[in-house]
Amino acid sequence: MSGAPDRGTKIGTRLALLVIGVVVPVAVGIAYLSSAFVANQLEHGREGLQQLVAQYANRLGRDVRDARGALQRIAALPEVQAMDPARCDLVFKALPSLDPLIEQLALRSLDGRRVCSYRSDSPARLAPDSSPWFAAALAGDGFVASNAWLGRTSKRWVTVLLQPVRDAGGKRVGFVVMPMSLETLRARNLADLPHGLAASVIGADGRFLLRSIDQDKWVGKSADSSSESWQERRRVPGDRESVGVDGVRRLRAAARVPGTDGVLVGGARREALEEQAWGRARPAVALGTALLVMIALGLYLFGRGIVRPVQRIGAAARALADGDLDVRLDPAGPAELRDVARGFNRMLAAKGLVDRQTPKHQQWGRRGIETVAAIVAIVGRGGVINFVVPSIEQ
């Protein structure tokens, strides 16, 4: 009685499942590690954005600090403290060419009157109500850096620095006034921003002083309605995404400009940070992918080295069952399967030898029986022969 064919899982299917069981977890692991690495790099990018913004704010602060130091040295000169045009004019005229950053240098009394000036085109008198930065200097008692101001004569945007001048008794008697070009300040400090990063400096009045992009378009305009406003930012680190005045959504970071009330707000597109993160992750992802391909290829070759010899053994066994006694196996594959193939071949060789010797043995058997039969007799008790093969009787 022949049994029903075995419909169990084939070895090839099982090996395929083994490959899937190994490759899929490795692929998931590589994908997870890559995603975690990118997330980590993105977090570092956000932290780096905050550090970069602080770095550029400090650069701007150094320019302001250097200018303040120069003003303090000028204000400490006896010729300047005397507030005498005849004496201070000699000092101002003897100054070397002004840095392109400096629009003007002047000495003014507390009532806004011009005492001395490097250039002769400055207004003769300033009124506090028409010059907010002068009013701020009068209201305070120290160094002042103004918000964005459009020069009446130069028609250029500046920030005005004012340093008090005191007489020998320490009484405040005037100010050294230095307007600084905002365009030159921007070109010096914000022109080399990394690709994809935009930065703005916003004054205490909520208006733009500097902007790395479209300076002429935005300088002096209010930023209060935009996400770049310092009042909105509140020193939030670079993990907040918002839309700027240019309509572009960016991650933001902010830092105060040292020595001023201004704030530098920097923004980077999330896509740019993600691209940088993936750029750092690509070598690791490529290595992991290559490892995954090598594992999959190794498992495939290993499985094929088992499945094909097993399939050949199965085919030979079926051929033998169909009566093909000449079938033979080529030993291949793992050592165990090669041993099976050799054993199969030896079994068929032995069977062939038996099959070839059986007719001869049968003939020898018949001859032996006939020889024996020729001398067979039945002897009874007392030596009496009861039966004798006819050939003996003959």
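Numbering of residues starts from 1 in each chain and follows the order in which that chain's sequence is written. Local features are withheld for residues below a pLDDT of 70 in this predicted model, meaning they are given only at 70 or higher, and side-chain atom pairs are given and counted only at 80 or more; totals for whole chains, interfaces and linings count all residues. Think of the side-chain values as coming from all heavy atoms in the structure, minus any hydrogens and water.

A. Here's a closer look at the overall build of the chain. In terms of regular secondary structure, the chain is built from 10 helices and 12 strands. Throughout, exposure labels follow a simple rule: accessible area from a 1.4 Å probe, protein chains only, divided by the maximum for the residue type, with under 20% read as buried, over 50% as exposed, and the rest as partly exposed. Counting across all 394 residues of the chain, residues that qualify as buried make up 36%. We call two residues contacting when some pair of their heavy atoms lies within 4.5 Å. By sequence separation, contacts in the chain at least 24 residues apart represent 50% of the contacts at least 6 residues apart. Helix and strand definitions follow DSSP, with helices as H or I runs of at least four residues and strands as E runs of at least two, each counted in order from the N terminus.

B. Region of the structure containing the sheet that holds strand 4 (residues 157-166). What makes two strands pair is DSSP finding at least two bridges between them. Spatially, 2-1-5-4-3 is the arrangement adopted by the 5 strands of the open sheet, whose pairing is antiparallel. Looking along the sheet, the strands with just one partner apiece sit at the ends: strand 2 (114-117) and strand 3 (144-150). On average, each strand axis in the sheet is tilted by 25 degrees relative to the strand beside it, whichever way the strands run. Sheet topology note: the strand 4/strand 5 (residues 172-181) ladder contains 9 bridges and is antiparallel. The partner of Leu-162 across the bridge, within strand 5, is Val-177. Fitting a line to C-alpha atoms yields each axis, with helices limited to the stretch in contact; the angle taken between N-to-C directions then spans 0 to 180 degrees. Sitting on the sheet, helix 3 (residues 85-93) is in contact with strand 1 (106-109) and strand 2, with an inclination near 30 degrees to strand 2.

C. Spatial organisation of unusual backbone geometry. Unusually for a residue other than glycine, Lys-155 sits at a positive phi of about 60 degrees. Relative to the elements of secondary structure, Lys-155 occurs in the loop between strand 3 and strand 4. Taking relative accessible area as the criterion, Lys-155 reaches 58% and is therefore assigned exposed. With phi around 55 degrees, Asp-214 is a residue other than glycine that occupies positive phi space. Locating Asp-214 in the fold gives a position in the loop between strand 7 (208-211) and helix 6 (215-218).

D. Representation of a nonpolar patch on the surface in the model. Here the term patch refers to residues with relative accessible area over 30% and no salt bridge, with like charges joined within 9 Å and nonpolar side chains (Val, Leu, Ile, Met, Phe, Trp, Tyr) within 5 Å. Residue burial considers only the protein chains on display, and all accessible areas are found by Shrake-Rupley using a 1.4 Å probe. Think of a salt bridge as a Lys or Arg side-chain nitrogen and an Asp or Glu carboxyl oxygen that are within 4 Å of each other. A surface patch of nonpolar side chains, amounting to about 360 Å² of accessible area, comprises Leu-17, Ile-20, Val-24 and Val-28. By the secondary structure assignment, Val-24 is in helix 1 (residues 11-75).

E. Molecular detail of helix 4 (residues 132-139). Considered for burial, the residues of helix 4 that qualify are Trp-133, Phe-134 and Ala-137. All buried residues of helix 4 project into a common sector of 100 degrees when viewed along the axis, lining one side. Summarising the geometry, the arc corresponds to the directions from the helix axis toward the C-beta atoms.

F. Summary view of the nonpolar core. Phe-92, Leu-107, Val-176, Met-178, Leu-210 and Leu-264 are the most contacted members of the largest nonpolar core, which totals 45 residues. Per element, the largest residue contribution to this core is 10 residues, and it comes from helix 1. Residues in contact with Leu-210, not counting those within four places in the same chain, are Leu-60, Leu-182, Leu-185, Arg-186, Leu-190, Ala-199, Ser-200, Val-201 and Gln-215. Only buried Ala, Val, Leu, Ile, Met, Phe, Trp, Tyr and Cys residues count toward a nonpolar core, and they belong to the same one when joined by side-chain atoms within 4.5 Å.

G. Examining the environment of Pro-258 more closely. With respect to the element layout, Pro-258 can be found in the loop between strand 9 (249-256) and strand 10 (263-268). When the C-alpha atoms of Pro-258 and Asn-58 are compared, they prove to be 6.4 Å apart, with 200 residues separating the residues in sequence.

H. View of the pairing of strand 1. On strand 1, burial covers both faces: Ala-106 and Arg-108 on one face and Leu-107 and Ser-109 on the other are all buried. Inspection of the sheet shows strand 1 paired to strand 2 by 3 bridges, in the antiparallel sense. From the neighbouring strand, Ala-106 faces strand 2, where its bridge partner is Ser-117. Here strand 1 folds back onto strand 2 in antiparallel fashion, the turn holding 4 residues, of which Gly-112 has a positive phi close to 90 degrees.

I. Inspection of the pattern of salt bridges at higher detail. If you walk through the whole model with that rule in mind, you get 7 salt bridges. Ionic pairing is found between Asp-99 and Arg-188, a salt bridge with its closest N-O pair at 2.4 Å. Taken together, the positions of Asp-99 in the loop between helix 3 and strand 1 and Arg-188 in helix 5 (residues 182-189) put the pair 89 residues apart, joining distant regions of the chain.

J. Examining the pairing of strand 10 more closely. Across the 6 residues that make up strand 10, a large majority, 6, are buried. A two-sided burial pattern is seen for strand 10, the buried positions comprising Val-263, Val-265 and Gly-267 on one face and Leu-264, Gly-266 and Ala-268 on the other. Where strand 6 (residues 197-202) lies against strand 10, 6 bridges are found, and the strand directions are antiparallel. Paired with Ile-202 across the bridge in strand 10 is Val-263. Strand direction decides the pairing type here: strand 9 and strand 10, joined by 6 bridges, are antiparallel. Among the inter-strand pairings, Arg-256 is bridged to a residue of strand 10, identified as Val-263.

K. Molecular detail of the packing of aromatic side chains. Here a pair means two rings of Phe, Tyr or Trp (six-membered ring of Trp) with centres within 6.5 Å. Their orientation is stacked below 30 degrees between planes, edge-to-face above 60, and tilted elsewhere. Scanning the entire structure with this criterion turns up 4 aromatic pairs. An angle of 75 degrees between the planes, with centres 6.5 Å apart, marks the rings of Trp-133 and Phe-134 as edge-to-face. Here Trp-133 falls in the buried class, since its relative accessible area comes to 9%. Between Trp-133 and Trp-149 the ring centres are 6.1 Å apart and the planes differ by 80 degrees, which places this aromatic pair in the edge-to-face class.

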